[in-house]
Amino acid sequence: SFRAMLSMTEFEREILLAIGSLEEGEVVSYGCIAARAGRAKASRAVGRFLSKSLVDLPWWRVVRSDGKLHEKSRGRQTELLRAEGVNVEAGRVQSSPLGKFSG
């Protein structure tokens, strides 16, 4: 919501923009989003932001640097990624239609 966006930090707004700009089938790591948001070493902060975000984001396109999916939402994340043509095997991204994911 707009009100939620007003209370965000600049870094959180940058995370929002970075995730919002991901294309269908594009898969990146939390660290990649952190770097795009201007704080390369803040991958955990990206994860925290996604877990509490009130804004509708394509969260399923963000995975661990080793390609593993989020433990708690693995089933739904797998389903959403596969719907975008991403190859997911044993809870890990293998490849995407846009090439191998950006870790």
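Residues numbered from 1 in each chain as written. Predicted model: local features only at pLDDT ≥ 70, side-chain atom pairs only at ≥ 80, totals over all residues. Heavy atoms only, no water.

Asks: What's the story with the pattern of salt bridges in this structure? I'm lost.
Replies: Between side chains of opposite charge, a pair can form when the charged atoms approach closely. Counting across every chain of the model gives eight salt bridges. In this structure, the salt-bridge partner of glutamate 79 is arginine 76, at a minimum N-O distance of 2.4 Å. A residue pair is termed a helical-turn pair when its members lie 3 or 4 positions apart in one helix, as glutamate 79 and arginine 76 do in helix H5 (residues 74-83) at three residues. What emerges from the salt-bridge pattern is a single network uniting Arg64, Asp66 and Arg92. (Salt bridge = Lys/Arg side-chain N within 4 Å of Asp/Glu carboxyl O. Helix = DSSP H or I, 4+ residues; strand = E, 2+ residues; numbered from the N terminus.)

Asks: Would you mind going over the layout of surface pockets with me for this structure?
Replies: Any empty space left between the atoms is revealed when a probe the size of a water molecule rolls over them. Of the pockets and cavities examined, the largest pocket occupies roughly 430 Å³. Along its surface, the largest pocket is lined by 15 residues, and Tyr30, Gly47, Leu50, Ser51 and His70 are the ones closest to its centre. The residue makeup of the lining of the largest pocket, split by class, is five nonpolar, seven polar and three charged. (1 Å grid on protein atoms, 1.4 Å probe; cavity = no way out; pocket = protein on both sides within 12 Å on 5 of 7 lines; lining within 4 Å. Points joined across faces, edges and corners; volume = space filled by probe spheres on them. Nonpolar A, V, L, I, M, F, W, Y, C, P; charged D, E, K, R; others polar.)

Asks: For this particular structure, what's the right way to read the side chain of glutamate 84?
Replies: With respect to the secondary-structure elements, glutamate 84 resides in the loop between H5 and strand S3 (87-89). Residue glutamate 84 is classed as buried on the basis of its relative accessible area, which comes to 13%. Among the polar contacts made by the side chain of glutamate 84, one reaches the main-chain amide nitrogen of glycine 25 at a distance of 2.8 Å. When near neighbours in sequence (up to four residues on either side) are disregarded, glutamate 84 contacts Glu24, Gly25, Trp60, Arg61 and Pro97. (Buried < 20%, exposed > 50% of the residue type's maximum accessible area, 1.4 Å probe, protein only. Polar contact = N/O pair within 3.5 Å; in protein donor to acceptor, adjacent residues only side chain to side chain. Contact = heavy atoms within 4.5 Å.)

Asks: Is there a simple way to explain the nonpolar core in this structure?
Replies: One recurring pattern in soluble globular proteins: nonpolar side chains tend to sit buried together. Formed by 21 residues in total, the largest nonpolar core has its most connected members in Ile15, Ile19, Ile33, Val46 and Val62. Elements that contribute at least two residues to this core include exactly helix H2 (10-20), helix H3 (30-36) and helix H4 (43-52). Broken down by element, the residue count for this core peaks at five residues, all from H2. Membership of the second largest hydrophobic core comes to nine residues, among which are Val27, Leu69, Leu81 and Val93. (Core = buried A, V, L, I, M, F, W, Y, C linked by side-chain atoms within 4.5 Å.)

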